[in-house]
Amino acid sequence: MSRIVCLALAGFLASTCAFAQTTKNKPFSGAAALRFTGRAVAFGPRPDGSPAIAKLRAWLRTQLAGCGCELLSDAFTAQTPDGPLPMENIIAKFPGHSGRAIAISGHYDTKKMNGFVGANDGGSSTGFLLELAAALKNRPRKDDVYLIFFDGEEAVREWTDTDSVYGSRHLAEKWAAEGLTKKLKALINVDMIGDRNFRLTWEIDSTDFLREMVWDIGDSLGYSAAFPRHGGPVSDDHIPFLDAGVPALDLIDFESQSSFWHTPQDTMDKLAARSFEITGKVVLLALERLENQQ
Ligand SMILES: [Zn+2]
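Here's what I pulled together on the structure shown here.

Rules used in this analysis
Residues numbered from 1 in each chain as written. Predicted model: local features only at pLDDT ≥ 70, side-chain atom pairs only at ≥ 80, totals over all residues. Helix = DSSP H or I, 4+ residues; strand = E, 2+ residues; numbered from the N terminus. Buried ≥ 20, exposed ≤ 12 C-beta atoms within 10 Å, placed from the backbone. Pairing = 2+ DSSP bridges. Axes fitted to C-alpha atoms, helices over the stretch in contact; angles between N-to-C directions. Contact = placed C-beta atoms within 7 Å. Expected span 1.5 Å × (residues − 1). Parallel < 35°, antiparallel > 145°, perpendicular 65-115°, else oblique. Left-handed = near helix turned anticlockwise from the far one by under 90°. Nonpolar A, V, L, I, M, F, W, Y, C, P; charged D, E, K, R; others polar.

### Notes on the environment of Arg274
Right, so step 1: Examined against the element boundaries, Arg274 turns out to sit in helix H9 (residues 273-291).
Right, so step 2: Residues Arg274 and Ser29, spaced 245 residues apart in sequence, show a C-alpha to C-alpha distance of 9.0 Å.

Printed below as a string of structure tokens:
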């Protein structure tokens, strides 16, 4: 848009064009998202209740401090099979003016297992959201955009409805009570999006129009191989928001990484910047389309 304006006004408003140049939106960088992921993974295993996850939270806050966003916290005590555990969803709010909102989310905790650092599972969503925050900085918004770093996605023991997605269940309930879920046009959750053999799962419980929109964007950008139109149900952080009546989509590569999923082999060497970049470009375009919808 700014380029067209500059061409049309060439010679008349040179200073306006210079301003447009300097405020050009930062594109989403897959390489930067990968670097953020590496720094999160360097904290070591990050299960709830560990000193490492507390350090990671503090680091996330410092990383987000300069994002031009409002930092919100949803801290609570989760009742788990291992007893009460402190948890905290960390939320970066980029304010708009329409009265509507869009949420992009992912989890930052890792499964409690010896030697499990969760580069893809827990790390990639963290790095992705940090780079998305950098890309959203200074962009004009219509809708409020919330970037949500969910805590407690992983089961403390075995995955059940009550031992999983602690953070998203807590926030969906809180936002429903506050009337915020009614303002949400959509929630797009990302999980395990860094695998170098990147292929998203066509998650069938996700809201149809959102999945179609995002898959169509993937096709239009030439990424059809990463957007196959087959899959199945995946239980993840989008479900509590679907249950609360919010259109929601899970972007998860649940197929190609099955060889190292929930094993100590989920390490940085399995990831590629390109996978983050594909997801980032597609999510930014989806955000734009959603903002242009009433
Ligand atoms: Zn997991």
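### Comments concerning the pairing of strand E4 (residues 144-150)
Right, so step 1: Of all 7 residues that make up E4, 7 are buried, and the element is covered over most of its length.
Right, so step 2: Of the two faces of E4, both are covered, the one formed by Asp144, Tyr146, Ile148 and Phe150 as well as the one formed by Val145, Leu147 and Phe149.
Right, so step 3: Relative to E4, strand E2 (residues 83-94) runs antiparallel, the two sharing 5 bridges. Paired with Ile91 across the strands is Ile148, a residue of E4.

### As for unusual backbone geometry
Right, so step 1: Phi at Asn138 is positive, roughly 70 degrees, even though this residue is not glycine.
Right, so step 2: The residue Asn138 is located in the loop between helix H5 (119-136) and E4 in this model.
Right, so step 3: The backbone of His262 shows a phi angle near 55 degrees, a positive value even though the residue is not glycine.
Right, so step 4: When you line up the elements, His262 lands in the loop between strand E8 (248-252) and H9.
Right, so step 5: By the C-beta count within 10 Å, which is 15 here, His262 ends up partly exposed.

### What about the sheet that holds E8?
Remark on secondary structure: sheet strands pair via backbone hydrogen bonds, oriented parallel or antiparallel.
Right, so step 1: Taken in spatial order, the 6 strands line up as E1-E2-E4-E3-E5-E8 in an open sheet, and their pairing is mixed. The sheet is open, and its two borders are formed by strand E1 (70-80) and E8, each paired with just one other strand. Sheet twist, expressed as the mean angle between neighbouring strand axes with direction ignored, is 20 degrees.
Right, so step 2: Most of the contacts of helix H4 (residues 51-64) go to E2, to which it runs at about 5 degrees, and overall it touches E1, E2 and E4.

### Things to note about helix H6 (residues 166-178)
Right, so step 1: Helix length check: H6 (13 residues) gives 18 Å between terminal C-alpha atoms against 18 Å at 1.5 Å per residue, within 8%.
Right, so step 2: Looking at the buried residues of H6, the elements they touch are E1, E2, strand E3 (101-107), E4 and helix H8 (239-243).
Right, so step 3: Just beyond H6, the residue with positive phi is Gly179, at close to 85 degrees.

### Remarks on the environment of Asn197
Right, so step 1: Locating Asn197 in the fold gives a position in the loop between strand E5 (184-191) and strand E6 (202-203).
Right, so step 2: C-alpha separation for the pair Asn197 and Lys270, spaced 73 residues apart in sequence, amounts to 8.5 Å.

### Brief notes about the packing of H5 against H9
Right, so step 1: As a packed pair, H5 and H9 sit with axes 11 Å apart at the nearest point and diverge in direction by 50 degrees. Here H9 runs oblique to H5, going by the angle between their axes. The crossing of H5 and H9 is right-handed. Across from Phe128, Glu131, Leu132 and Ala135 in H5, the residues of H9 making contact are Phe276, Thr279, Gly280, Val283 and Leu284.
Right, so step 2: Taken together, the residues of the contact of H5 with H9 sort by class into 6 nonpolar, 2 polar and 1 charged.

### Here's the deal with H5
Right, so step 1: Given a rise of 1.5 Å per residue, 18 residues ought to cover 26 Å, and the 24 Å separating the end C-alpha atoms of H5 matches this to within 8%.
Right, so step 2: By the criterion of burial, H5 is predominantly enclosed, with 18 of the 18 residues buried.
Right, so step 3: Among the residues trailing H5, Asn138 stands out with phi positive, at a value near 70 degrees.

### Focus on the packing of helix H3 (residues 30-41) against H9
Right, so step 1: One can describe the packing of H3 onto H9 by two numbers: an axis separation of 7 Å at closest approach and a directional angle of 115 degrees. By the criterion of interaxial angle, the relationship of H3 to H9 is roughly perpendicular. For H3 against H9, the interelement crossing comes out right-handed. Across the interface between the two elements, Gly30, Ala31, Ala33 and Leu34 from H3 touch Ala273, Arg274, Phe276, Glu277 and Gly280 from H9.

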